[in-house]
Amino acid sequence: MPSSARILRGTPATLAHLARRLRAGELVAVPTETVYGLAANALDARACRRIFTAKGRPANDPLIVHIHALAQLGQVAEINAAALKLAQKFWPGPLTLVLPKKSVIPSVVSAGLPSVAVRMPSHPLFRRLLKLAGVPLAAPSANAFGYVSPTSAEHVRAGLGKKIRYILDGGPCTIGLESTIVDLRDPRRPRLLRPGAVTRAELQRVLGVGVQSAPKQAKTGAQLAPGLLARHYSPRTPVVLHARFSVAALARSSAREAWVFLAKPKQVTGKNIFWLDAHGELHGVARHLFATLRLVDGFRFTRIHVELARGAGLADAINDRLRRAASRG
Ligand code: TXA
Ligand code: MG
């Protein structure tokens, strides 16, 4: 087992080296616009098994396959017209499509399901690496299973530094929440499996049909959507959610409890007061959410109080992650 991962800058020589390591079956942590991913050659079952081992991820939680060009979609999945519409509108970007899988994708990637989740990321360094590697790359978020997703190279090192050798540094993630996942196995009945930066309203506008949420699933067998497993995305410190912060509750609380506001509060200050975006703007809130949860978790407060986002669209995705962070499994 390597002692510590190296954080590498994306020079042409480094990218060429990492592409060779990926083709040889090794793991590389990669920057994406959503969160950092832990990548392996998606056509190599042995390489993909290493992802599950490094993360401590259960084998029934399938991986997302990342592609460089639309031409690769038909190699890994059965395409339909709805998928093409969404791909043309939102790729490269934070949208993952679930489609019937082609046989080149090993069953370890899909956790035995007959479907595969596919995404074309927009991060320029990851795109260059995908092109150089010349194969689709399977990558879940690059965190130890169950913990908050990483949005910087340092986050990856903190969680997986002893399990992997290479981390490609692409700076802080610009979106900060994992991709929206849509199930398009039946294109007439698209299902939203995970909310993200591409919103339900945007999907409906492009598809011209309603997009329902996925029905709740049983706790056994392969996962259809993430988050059924206990304590997904959770800090170690208990998280308490509030529709709105009450000044009275805050005044009564101990200095050992942290308060995470959406926007910079005007009246309160202190070492236990944090905020997600200076103006509470939702893109900024999303971008800083995981880094802030990790930071505050590191201070060993007894509790982390967090204010829920208001509205729909991106607010749904932010609140989905907050509810998972608060769930004690
Ligand atoms: O933004 C993202 O999607 C990031 C970056 C790295 O691309 N990846 C990510 O992967 O969030 P991960 O493993 O943390 O979440 C992938 C989820 C799985 O938990 C699973 O629920 C869903 O994608 N998934 C994968 N394959 C699926 C399939 N065949 N059917 C339904 N859901 C699937
Ligand atoms: Mg994850």
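This text follows the structure it describes.
Note that the structure is predicted; figures quoted are calculated from it, not measured.

**Overview of the sheet that holds strand β9 (residues 180–183)**
If you trace the 11 strands from one edge of the open sheet to the other, you get β1-β8-β2-β3-β7-β4-β6-β5-β9-β10-β11, paired in mixed fashion. The outermost strands of the open sheet, each flanked by one partner alone, are β1 (6–9) and β11 (212–213). Across two bridges, the pairing between strand β4 (residues 64–66) and strand β7 (residues 137–138) is antiparallel. Each residue of the ladder has a partner; that of Val 65, found in β7, is Ala 138. Sheet strands touched by helix α2 (residues 45–55): β3 (37–41) and β7. Its angle to β3, the strand with the most contacts, is close to 155 degrees.

**Notes on the packing of aromatic side chains**
On inspection of all chains with the given rule, the structure shows five aromatic pairs. Between Phe 245 and Trp 259, the aromatic rings sit 5.0 Å apart at their centres with planes inclined by 80 degrees, giving edge-to-face as the arrangement. Here Phe 245, found in the loop between β12 (239–242) and α9 (247–252), pairs with Trp 259, found in strand β13 (residues 257–263); they are 14 residues apart in sequence, far enough to count as distant. Accessibility expressed as a relative area gives 13% for Phe 245, which makes it buried. On the numbers, 4.7 Å between centres and 85 degrees between planes, the contact of Phe 245 with Phe 261 is edge-to-face. Taken together, the positions of Phe 245 in the loop between β12 and α9 and Phe 261 in strand β13 put the pair 16 residues apart, joining distant regions of the chain. According to the relative accessible area criterion, Phe 261 is buried, its value standing at 10%. A cation over a ring is seen here: Arg 236 above Tyr 147, with NZ or CZ 4.7 Å from the ring centre.

**Brief notes about unusual backbone geometry**
Between Trp 91 and Pro 92 the backbone carries a cis peptide bond, its omega angle lying at -10 degrees. Its location among the elements puts Pro 92 in the loop between α4 (81–90) and β5 (95–100). Unusually for a residue other than glycine, Arg 300 sits at a positive phi of about 60 degrees. By the secondary structure assignment, Arg 300 is in the loop between α10 (282–298) and β15 (303–307).

Cut-offs used in this document
- Residues numbered from 1 in each chain as written.
- Chains lettered and ligands numbered in written order.
- Predicted model: local features only at pLDDT ≥ 70, side-chain atom pairs only at ≥ 80, totals over all residues.
- Heavy atoms only, no water.
- Pairing = 2+ DSSP bridges.
- Helix = DSSP H or I, 4+ residues; strand = E, 2+ residues; numbered from the N terminus.
- Contact = heavy atoms within 4.5 Å.
- Axes fitted to C-alpha atoms, helices over the stretch in contact; angles between N-to-C directions.
- Phe/Tyr/Trp six-rings, centres within 6.5 Å; stacked < 30°, edge-to-face > 60°.
- Buried < 20%, exposed > 50% of the residue type's maximum accessible area, 1.4 Å probe, protein only.
- Lys NZ or Arg CZ within 6 Å of the ring centre and 35° of its normal.

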